[in-house]
Each structure stands twice: as C-alpha cells, then as structure tokens.
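Descriptive structure summary
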Amino acid sequence: MIVVLDFGSQYSQLIARKIRQLNVYTEIVPFNIPIEKLRGMKPEGIVLSGGPASVYAEGSPQLDKRVLELGVPVLGICYGLQSIAHVLGGKVDPSGKREFGHAVLDCQSDDPIWHGLDKQQQVWMSHGDRVVKLPRNFRVIGRTEACPAAIRHATKPIYGVQFHPEVHHTTHGEHILDNFAVRICGCKTDWVMKNFAERTIEEVKRHVAGRPVVCAVSGGVDSTVMATLLHRAVGDQLVCVFVDNGVLRLNEAKEVMETFGRIGIKVTFSPSGARFLKKLKGVSHPEQKRKIIGRTFIEVFLDHLREGDLLAQGTLYPDVIESVSTKGPSATIKTHHNRVKEVLSLIRQGRVLEPLKELFKDEVREVGKELGLPKEILWRHPFPGPGLAVRILGEVTPRRLALLRQADAIYIEELKKADVYYDVWQAFAVLLPVKAVGVMGDERTYENVIALRAVESVDGMTADWSRIPPEVLGRVSNRIINEIRGINRVVYDVSSKPPSTIEWE
C-alpha cells in the first residue's frame, strides 16, 4: 500500500483517491501517527500531504524525521515538501511571489519521477511559502518561474514537489503519481472499486447487527448509491425517509419518489417545508442558513429514529474535509448539514452510518455502476443539502423561491435540449441579492438578477467554469427574462475553484 500522512490539506483524500485510481491501495493516517504503528503498516511508499500552515510557524504540524528513515520512497507535496526541507536543515520562507492556479514546470533532469513526460508541464499551484535553502544532499529537479518546484535526495528516493499532482488541473499529475507509486515504489496495481462495494456491504452487515437503519435520501447520486448499498446489506431493516425541506427544485419531491419506486426501494415521504421555512424567516447569513437547515433536518429525522436505531447519511469526503478537521489539522471552509452538532453527537454514540465518507463523487458513480444503477441517477448533477437556500443570496422567502425554481428549471431544461447537460459536472441558477435597471416594452423596470453557474470537474475539489455555447446561454437568458415576471437580467459566472467555490454560499 501507499500511506498518506495528512497535514491538514483539503486535498489529502484526493491524493489517496488518485492513487487508488491507479489500482494501488492507499490509506490516510494523521501526520503524527506513532512511528512504530506506521512501520507496522509496512507501506511501500509514503506521501506527505499539503496543509494550511507554515512549517516555521509556532504550533504548526511537524514531520517526524524518522519517517524519512524507514527505507521506503517518500513524496512530499506542497507543505510536505516544505516539511522535508525544514526537518532536514533547509530553510522555508514566505515567497515574494505567491502562486495560486496554473504554472509552467520545467523538469530539469531525467529522474524516474518524470518518466514519459515532456520537459515542460502545466501544473497547479497553491502556496505562499517556498524553499529558499535546500537541505544537505538535495538537488532541484524542477522549477517554475517563482520557485524550486521539485527536489529529491541525491541517493535516496525522497522527493518533494511544490505543486499539486493530485488535482485535475495538473495536466499529467496522475502520470507523476503513477511514476512514484508503481515505478519508484514498486506497488502492484491490483485494487479495484468493486472490492469497495463488496467489502462495504459485509462491513454494514456486521455493524448493523439486526438494528433498523433510518436512511436519509434526496434522490441525488450520493444518497441513492448509499441506500442501494444498505438495501443490499440489510434489506427490510432499512427505513428510507425523504424530507421535503421547502427549498427543493421544481417538482423535485415527485421525481425523487418516482425514482426510488423504479429501483424497488420503499421511501417514507416527510412533507416538512413549512417547518424549515419558518425557521429560515429573516435569516440571510449563509452559515446560519446551513446550520438551521442542518439542525431542522436532524429534528425531522429524530421523529423517525427510535432509541438504538442507526442513522445513515450519504456523506462524501469533500463534505467532511470542508466542514471539520478529520485525520489532519485541516481548516474549516463551510458547515455542511451532515456535520452539525446533532450529527456529531450521534457519531460519538456510534449511531451514524456513512459508508461513502471516504469517497469522492466520481468514485461513488463507479460504485453505483457496479450496483447497476441507471445513467440518469448516476450522472444527475449534485444538489447541496441546504438546497435552494444557499442559492438564494440573502433571505429565503416564498416569492424568491418561486423565482429561482422557475429560472433553474428553464436552465436545466435548455441544457438537456442542447445535449450539453451531461457534459458539465454541475449547473444551476443563483438569485442575487441585488436589482438592476431594465427596459421592457417602453417602461423602465427595476427587477431581480439571476446568475447562471456551470462547472467542469472530476471530483468537486477543483473545478473550472464550463464553456457552454453562447447560443445556449442566449436561449436560457431570453426564456428566463420573458417567462418569469420579476427578472430582467441574467449573468454567467466565469470563476474557477479555487479561488471560488462551486456554490455561491
């Protein structure tokens, strides 16, 4: 296996996922795992993740030097590279020119890490510090305009790269990881996603041990794959509940119930929209909206959850690492409805099942494919747990919900008509908290603005805006303005993640 030492990077699981995608088994452990326990795992290679801290800052997570003495290849990524330099006597300082986004890497050797690659590579950077003095016996094997971007020990297979090979936007990052895991570490490529589905079903059977499982379903790929896995494992012990939280898309409740009927899983419908909207009244701060929806969601489930029952959620790893620190000292980006205090309390009681929490969206789709789920479920665009509440910037009201529902429905309908819906990772409309001047007929108007968002991604951790044909966007804009009274302007979001997020709130 390859072991990833987690220093708190938002991309730690992405590193593991990319290596697993090479059919090499990978596990993530905390950066401060006891050295004897790490040695006992018998890794064939070790990857040091990135992280939000600076290695020279007080209290920052520090690499145990003995990791570099285990006799196995090591690859430090971003903070991991800086950790190697720092612990071995090099020097890391704030960079005079920070790098965020695309950069050009010049590979300056014929090292095995670059096997099969051109001398120049497009890579993805996200750092404000850089190595200004190399440790003894290290040399530079790759540079960008701003910094030494790749180093290695003169005689040992200890590497460091300042860029992120694990993200989709490093063009040949997977090739670099393959060179490390297979060519340098000598790992076998015999681990496949089918193993995950089979192992998870058996683990769920053992953990449930005859207890009922109350499963939250939304109709999205995450909860549908989870419910199918659980149903295969425990059958009639599974109680699926679909909550209408009042902030769903147009006709969504009806479509979700029909979807589960087609795949043969019974679902209890809980019409709770009024309960959610009452609590959201007057609230405009995005974090507060998320927390209210999360708490209310759990309150609704407590009506279905008896003492001793288990609660199941379709949580994915991006939900976990963006909301709370997990295996390393990661920074909180936003609160997810499945990581509010009520859920955390149930987790501590051992009453929460999250069979997908170590996976990314593309891996979940692979599992769903193994389970035989149809394309329209597997490739349905992601929809956030807080629903349209975080796509309405500002207060959520019935009137604003009606405007956004209609606009979003038109947008998705036109993408499907143009046969581009499945070409994008996620597309949706956002109602902005501003009004704009317009002219309709011979009259001046002062009405609402809709922003359209569409992104391309593999795993949701990084994303770029989709180049939807202008004629399609034109039809969407024309229909929204003409058919929805109260909207007179439509704009298109052309920002990437990072620095932006996919959702607006």
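A quick note: this is a predicted structure, and the numbers were derived from the prediction, not measured.

**Looking at the nonpolar core**
By size, the foremost hydrophobic cluster in this structure holds 48 residues, and its most contacted members are Phe301, Tyr411, Leu415, Ile450, Leu452 and Ile480. Here this core gets eight residues from one element, more than from any other, and that element is helix H14 (residues 398–417). What Ile480 contacts, discounting residues up to four positions off in sequence, is Ala407, Ile410, Ile450, Leu452, Ile487 and Val490. Core analysis: the next-biggest nonpolar cluster, separate from the first, contains 37 residues, Phe196, Val217, Leu310 and Leu359 among them.

**Here's the deal with helix H5 (residues 193–208)**
The end-to-end C-alpha distance of H5, which contains 16 residues, comes to 23 Å, matching closely the 22 Å that a straight helix rising 1.5 Å per residue would cover. Inspection of H5 places Met193, Phe196, Ala197, Thr200, Ile201, Val204 and Val208 among the buried residues, and these make up the whole buried set. All buried residues of H5 lie within an arc of 130 degrees about the axis, which places them on one face of the element. Just beyond H5, the residue with positive phi is Ala209, at close to 50 degrees.

**Some points on the environment of Ser466**
Mapped onto the secondary structure, Ser466 falls in the loop between strand E17 (464–465) and helix H15 (470–483). When the C-alpha positions of Ser466 and Ser496 are compared, they lie 9.4 Å apart, and in sequence the two are 30 residues distant. Filtering out sequence-adjacent residues up to four positions away, Ser466 remains in contact with Val424, Ala454, Val455, Glu456 and Tyr492. A distance of 3.4 Å separates a polar side-chain atom of Ser466 from the backbone nitrogen of Glu456.

**As for the packing of H14 against H15**
At a minimum axis separation of 9 Å, H14 and H15 run at an interaxial angle of 150 degrees. One element, H14, and the other, H15, form an angle in the roughly antiparallel class. Between H14 and H15 lies a crossing whose hand is right-handed. Judged by residue contacts, Ala407, Ile410, Tyr411, Glu413, Glu414, Leu415 and Lys417 of H14 engage Val472, Arg475, Val476, Arg479, Ile480 and Glu483 from H15. Class assignment of the residues belonging to the contact of H14 with H15 gives a composition of seven nonpolar, no polar and six charged.

**Observations concerning the pattern of salt bridges**
As enumerated under the stated definition, the model contains 26 salt bridges in all. Here Glu252 makes a salt bridge to Arg380, at a shortest N to O gap of 2.6 Å. With Glu252 in helix H7 (residues 252–262) and Arg380 in the loop between helix H13 (375–378) and H14, this residue pair connects regions lying 128 residues apart in the sequence. The partner of Arg475 in a salt bridge is Glu414, and the shortest N-O contact between them spans 3.6 Å. Placement of Arg475 in helix H15 and of Glu414 in helix H14 is noted, with a sequence separation of 61 residues between them. One connected set of salt bridges, linked through shared partners, spans Glu413, Glu414, Lys417, Arg475, Arg479 and Glu483.

Rules used in this analysis
- Residues numbered from 1 in each chain as written.
- Predicted model: local features only at pLDDT ≥ 70, side-chain atom pairs only at ≥ 80, totals over all residues.
- Heavy atoms only, no water.
- Core = buried A, V, L, I, M, F, W, Y, C linked by side-chain atoms within 4.5 Å.
- Buried < 20%, exposed > 50% of the residue type's maximum accessible area, 1.4 Å probe, protein only.
- Helix = DSSP H or I, 4+ residues; strand = E, 2+ residues; numbered from the N terminus.
- Contact = heavy atoms within 4.5 Å.
- Expected span 1.5 Å × (residues − 1).
- Arc of directions from axis to C-beta.
- Polar contact = N/O pair within 3.5 Å; in protein donor to acceptor, adjacent residues only side chain to side chain.
- Axes fitted to C-alpha atoms, helices over the stretch in contact; angles between N-to-C directions.
- Parallel < 35°, antiparallel > 145°, perpendicular 65-115°, else oblique.
- Left-handed = near helix turned anticlockwise from the far one by under 90°.
- Nonpolar A, V, L, I, M, F, W, Y, C, P; charged D, E, K, R; others polar.
- Salt bridge = Lys/Arg side-chain N within 4 Å of Asp/Glu carboxyl O.

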